[in-house]
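Now for the letters of each chain:
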Amino acid sequence: MKKTIAGLAAFLLLAACGPESQTAADMPVITVFGAIETEPTRAAMDPDIEPLFSQYGLVFEAAAELSWSQLAALEQHRIDTDYPAGGPVRHFSGPLLRDVLDLVRPREEEIIVTALDGYQRSMARMTLDVHDVILAIRLDGDPIPLGGFGPAMIVWPRAQDQALNGMPDDDWVWGVFAIEVRAESASLAP
């Protein structure tokens, strides 16, 4: 618990330390790294000033950072579904995850999504192409805040897609801040 709180505090501190000309909506929300073809928008991970990346073993030489504004500029999709499973129906909206990935032109077919608390899930790109999974940035019409499910959350259309009927919450990653694109599976942190 202490590590999670310290990691979240470090994330918030880093987010607040950007150039003064940037608005909060222009600050990076998601870092995408690994086998991507887009021009990097940031340099290598620095373990001295990025303890959250370091703690979770997210090491990269270059990456693409995506801001809330960039995510909001993509076509928005709404999913009305129960979350957690069996709970109240909530209204999530954001871009399709496959559209977010298209911004960085992934060269491989697997992504690893990492949340602020270190929770990670591996997902096949093919699965994201079949189902209209979104990277939600709004909940019930409002931006998803840190301390809640934000800054972003993976949301599956289990109420609309019969193939996802009865789907558990394991792949519903909230607090998403990093996405790695890679070729082969590896063991993930619980």
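Owing to the predicted nature of the structure, the values given are computational and were not obtained by experimental measurement. (Residues numbered from 1 in each chain as written. Predicted model: local features only at pLDDT ≥ 70, side-chain atom pairs only at ≥ 80, totals over all residues. Heavy atoms only, no water.)

Talk me through the pairing of strand E3 (residues 77-82); I want residue IDs and the actual numbers.
Note: E3 against strand E4 (residues 89-94), six bridges, orientation antiparallel. Bridging from a neighbouring strand, Arg78 pairs with Ser93 of E4. (Pairing = 2+ DSSP bridges. Helix = DSSP H or I, 4+ residues; strand = E, 2+ residues; numbered from the N terminus.)

Lay out the sheet that holds strand E6 (residues 120-124) with the relevant residues and their values.
Within a sheet, each strand pairs with its neighbour through backbone hydrogen bonds, oriented either parallel or antiparallel. Spatially, the five strands line up as an open sheet ordered E2-E1-E11-E5-E6, and their pairing is mixed. Sheet topology places strand E2 (63-67) and E6 at the edges, where each strand pairs with a single neighbour. The mean inter-strand angle of the sheet, taken between neighbouring strand axes irrespective of direction, is 20°. By the bridge criterion, five bridges tie strand E5 (residues 110-115) to E6 in an arrangement that is antiparallel. The residue bridging Ile112 from the neighbouring strand is Ser122, located in E6. Relative to the sheet, helix H4 (residues 97-104) contacts strand E1 (28-34), E2, E5 and strand E11 (176-182), its axis offset from that of E2 by approximately 130°. (Axes fitted to C-alpha atoms, helices over the stretch in contact; angles between N-to-C directions. Contact = heavy atoms within 4.5 Å.)

How would you explain the sheet that holds strand E9 (residues 142-143) if you had to name every residue and give the values?
The strand order across the open sheet built from four strands is E3-E4-E8-E9, with neighbouring strands paired in antiparallel fashion. The strands lining the two open edges of the sheet, one partner per strand, are E3 and E9. The pairing of strand E8 (residues 138-139) with E9 spans two bridges and is antiparallel. Counted as the bridge partner of Arg138 is Pro143 from E9.

Mind laying out unusual backbone geometry, listing which residues take part and the relevant values?
The residue after Tyr83, namely Pro84, is reached through a cis peptide bond having omega -5°. Here the phi dihedral of Asp140 falls at roughly 50°; this positive angle occurs in a residue that is not glycine. Within the secondary structure, Asp140 sits in the loop between E8 and E9. Using a relative accessible area of 43% as the deciding quantity, one classes Asp140 as partly exposed. (Buried < 20%, exposed > 50% of the residue type's maximum accessible area, 1.4 Å probe, protein only.)

Would you mind going over the packing of aromatic side chains in detail, with residue names and values included?
The final tally for this structure, using the stated rule, is eight aromatic pairs. Summarising the aromatic geometry, the rings of Phe33 and Phe60 are spaced 4.8 Å apart at their centres and angled 35° between planes, so their arrangement reads as tilted. With Phe33 in strand E1 and Phe60 in the loop between helix H2 (51-55) and E2, this pair connects stretches of sequence that are 27 residues apart. Residues Phe149 and Trp174 carry aromatic rings whose centres are separated by 5.8 Å and whose planes lie at 65° to one another, so their mutual orientation is edge-to-face. With a gap of 25 residues between them, Phe149 in the loop between E9 and strand E10 (153-155) and Trp174 in the loop between E10 and E11 connect regions that are remote in the sequence. Members of the aromatic cluster, joined through ring pairs, are Phe33, Phe53, Tyr56, Phe60 and Phe177. Positioned above the aromatic ring of Trp172, the side-chain terminus of Arg158 is 4.1 Å from the ring centre. (Phe/Tyr/Trp six-rings, centres within 6.5 Å; stacked < 30°, edge-to-face > 60°. Lys NZ or Arg CZ within 6 Å of the ring centre and 35° of its normal.)

Can you tell me about the pattern of salt bridges, naming the residues and giving the values?
What the rule picks out here adds up to 10 salt bridges. The salt bridge partner of Asp132 is Arg98, with a shortest N-O separation of 2.5 Å. One end of the pair, Asp132, is in the loop between helix H5 (125-130) and strand E7 (134-136); the other, Arg98, is in helix H4, with 34 residues separating them in the sequence. Using a relative accessible area of 40% as the deciding quantity, one classes Asp132 as partly exposed. Measuring nitrogen to oxygen at the nearest pair gives 3.8 Å for the salt bridge that ties Arg182 to Glu180. With relative accessibility at 18%, the residue Glu180 sits in the buried group. Via salt bridges that share partners, Arg42, Glu50 and Glu65 belong to a single interconnected network. (Salt bridge = Lys/Arg side-chain N within 4 Å of Asp/Glu carboxyl O.)

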